[in-house]
Amino acid sequence: MFTNKQIWQVSYPIFLSLLAQNIINVTDTAFLGRVGEVELGASAMGGLFYICAFTIAFGFSTGSQIVIARRNGEQQFDKVGPVMIQGVLFLLGLAVLLFSFSKLYAGNIMGFLVSSEAIQEATIEFLDIRIYGFFFSFVNVMFRALYVGITRTRILTINAAIMALTNVALDYLLIFGKGGFPEMGIQGAALASVIAEVVSIVFFLVYTRMTVDLKKYGLNKFTSFDWQLLRRVLNISIFTMFQYFISMSTFFLFFVAVERIGQAELAMANIVRSVYIVLFIPVNALATTANSLVSNTIGAGHKEEVLPVINKIARFCFLLVAAFVFVVMIAPRLVLSIYTNDPVLIDGSVAALYVISGSILLASFGNIYFSGVSGTGNTRTALLLELITLAFYCIYIYFVAMRLKLPLAICFMAELVYMGVLLVLSVLYLKKGNWQKKKI
């Protein structure tokens, strides 16, 4: 049974790495919030389009992480590297496909989904540069899967910090045209993010070569593309890939619905989303920890400890998240002023901020239990639970945002619906489901 100290030792580097990574989101939103409403709204639409594609790769890496963690728990260390190597090759091929698709059709998709012509044009300008990041971010997630799977997570903090500092500096220089650089506006934000991802890849390559025992982990074993190994990994990750993509696509549709309410509402939704993502960092960190520790626990032959481990992580997560939520609740306008100096946008975002604070508290249980389901290797079941949950989510968005066009705070209550249903389904499966017999 893992102690709170052990849980924290695995999760705090992930937490710090996610914090550093999300500085990118905060700075992009904060800088563009001072450029204009159109740029702020377009960065939301373009950013979510990018993330929808990225989550396919992230889903594959999560499946790979489950396999890596299982092999690590079984002490079959030499079988870790081949999973990593084949994963990198597969995701580079996927990057080529998604880049080509985006180049050909992203403009048409935005023209269909976005009603404002100004936001359409700005979104396409953003994506024309941002999609080059596929080639680098897709490889990044496999390094993350490797280090989380073998529970060497501290390096993620350093990498993310370097990536974030690079992005912040380049955002300032390229968005506003400082230091002799051209003033690129929203395209500057896109270029800064791509360069930051390149820097991240270089760091991972150098660090891995210098500090990791390549022979022990089988990272020196590449001979050719191993279709059989890839098929085994895809048996786990294909459902996670669909799960993440569908989940993020639904969130993207939420913003499409809000954009049709109004341009100002879209800008406010982007600000609230940015705060939401920051508040979600400890949840994501501990959910990743739960995924890895559950898989390691099963690999070590202690299936009876799975539920106690998940329960402990969930309680730990709730206490940590409550501290962050408390800060937001007592000073909402101060938090929102980080992103914009427009008093209208700040006042209009306060109620929605209260709503997402409540959903974060619920997520501290819902996401942990759901990650526990994935950690058992039953990714097919995890996908099914996600689809059922998203059905409730979509029904709520359709009636509240698209049909009734209710205020932003009520629209964001969709997150409470999502987290509540996900929690109930995950707990029922972990207590009643036949996950103990799953082999990977």
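Structure first, text after, so check above.
One structure accompanies this document, and this report is about it. (Residues numbered from 1 in each chain as written. Predicted model: local features only at pLDDT ≥ 70, side-chain atom pairs only at ≥ 80, totals over all residues. Heavy atoms only, no water.)

**Quick word on the packing of aromatic side chains**
Thought 1: By the definition in use, this model includes 25 aromatic pairs.
Thought 2: Geometrically, the ring pair formed by Tyr50 and Phe134 is stacked, given 5.0 Å between the ring centres and 15° between the ring planes. Remark: Phe134 occurs in helix α5 (residues 134-149) and Tyr50 occurs in helix α2 (residues 37-73); sequence separation between them is 84 residues. A single burial state applies to Tyr50 and to Phe134, both of which are buried.
Thought 3: Here the aromatic rings of Tyr147 and Tyr207 are separated by 6.0 Å at their centres, their planes lie at 65°, and the arrangement is edge-to-face. Residue Tyr147 is found in helix α5, and its partner Tyr207 is found in helix α7 (residues 186-211); the two are separated by 60 residues along the sequence.
Thought 4: A relative accessible area of 22% places Tyr207 in the partly exposed class.
Thought 5: Within the aromatic cluster, the residues linked to one another by ring pairs are Phe143, Tyr147, Phe203, Phe204 and Tyr207. (Phe/Tyr/Trp six-rings, centres within 6.5 Å; stacked < 30°, edge-to-face > 60°. Helix = DSSP H or I, 4+ residues; strand = E, 2+ residues; numbered from the N terminus. Buried < 20%, exposed > 50% of the residue type's maximum accessible area, 1.4 Å probe, protein only.)

**Some thoughts on the packing of α2 against helix α4 (residues 117-130)**
Thought 1: At a minimum axis separation of 8 Å, α2 and α4 run at an interaxial angle of 50°. Considered as vectors, α2 and α4 are oriented oblique to each other. Seen from above, α2 lies across α4 with right-handed handedness. Contacts between α2 and α4 pair Val38, Gly41, Ala42, Met45, Gly46, Gly47, Phe49 and Tyr50 from the former with Ala118, Ile119, Ala122, Thr123, Phe126, Leu127 and Arg130 from the latter. (Axes fitted to C-alpha atoms, helices over the stretch in contact; angles between N-to-C directions. Parallel < 35°, antiparallel > 145°, perpendicular 65-115°, else oblique. Left-handed = near helix turned anticlockwise from the far one by under 90°. Contact = heavy atoms within 4.5 Å.)

**As for helix α8 (residues 227-261)**
Thought 1: The terminal C-alpha atoms of α8, which comprises 35 residues, lie 48 Å apart, in line with the 51 Å expected from a rise of 1.5 Å per residue.
Thought 2: If you look at α8, its biggest bend is around 45°, right at Asn235. (Expected span 1.5 Å × (residues − 1). Bend = angle between axes of the 7 residues up to and from the residue.)

**A short note on unusual backbone geometry**
Thought 1: Phi at Gln75 is positive, roughly 65°, even though this residue is not glycine.
Thought 2: Mapped onto the fold, Gln75 is located in the loop between α2 and α3 (80-113).
Thought 3: By relative accessible area, Gln75 is classed as exposed at 60%.
Thought 4: The phi dihedral of Lys405 is positive, around 50°, even though this residue is not glycine.
Thought 5: Counting through the fold element by element, Lys405 comes out in the loop between α14 (379-403) and α15 (408-412).

**A short note on a negative patch on the surface**
Thought 1: The grouping of Glu117, Glu121, Glu125 and Asp128 at the surface amounts to a negative patch.
Thought 2: Within the secondary structure, Asp128 is located in helix α4. (Patch = residues over 30% accessible without salt bridge, like charges linked within 9 Å, V, L, I, M, F, W, Y side chains within 5 Å. Areas by Shrake-Rupley, 256 points an atom, 1.4 Å probe, with all protein chains shown as cover. Salt bridge = Lys/Arg side-chain N within 4 Å of Asp/Glu carboxyl O. Lys, Arg positive; Asp, Glu negative; His and termini not counted. Charge placed at Lys NZ, Arg CZ, Asp CG, Glu CD.)

**Some words on the pattern of salt bridges**
Thought 1: Under the counting rule described, the total for this entry stands at three salt bridges.
Thought 2: Here Arg71 ties to Glu74 by a salt bridge, and the two come within 3.2 Å at their closest N and O atoms.
Thought 3: On the accessibility criterion, Arg71 (14% relative accessible area) is buried.
Thought 4: Take Glu74: its relative accessible area is 31%, and that puts it in the partly exposed class.
Thought 5: Between Asp347 and Arg333 there is a salt bridge, and its shortest N-O distance comes to 3.3 Å.

**Remarks on the nonpolar core**
Thought 1: Counting residues in hydrophobic clusters, the biggest one holds 144 residues, and the most contacted among them are Phe134, Phe138, Tyr147, Phe254, Phe255, Ile368 and Phe412.
Thought 2: In terms of residues, this core owes the most to one element, α2, which gives 18 residues.
Thought 3: With residues up to four places along the chain from it excluded, the contact list for Phe255 reads Ala44, Met45, Leu48, Leu266, Ala269, Asn270 and Arg273. (Core = buried A, V, L, I, M, F, W, Y, C linked by side-chain atoms within 4.5 Å.)

Any functional reading would require information that these geometric values do not contain.
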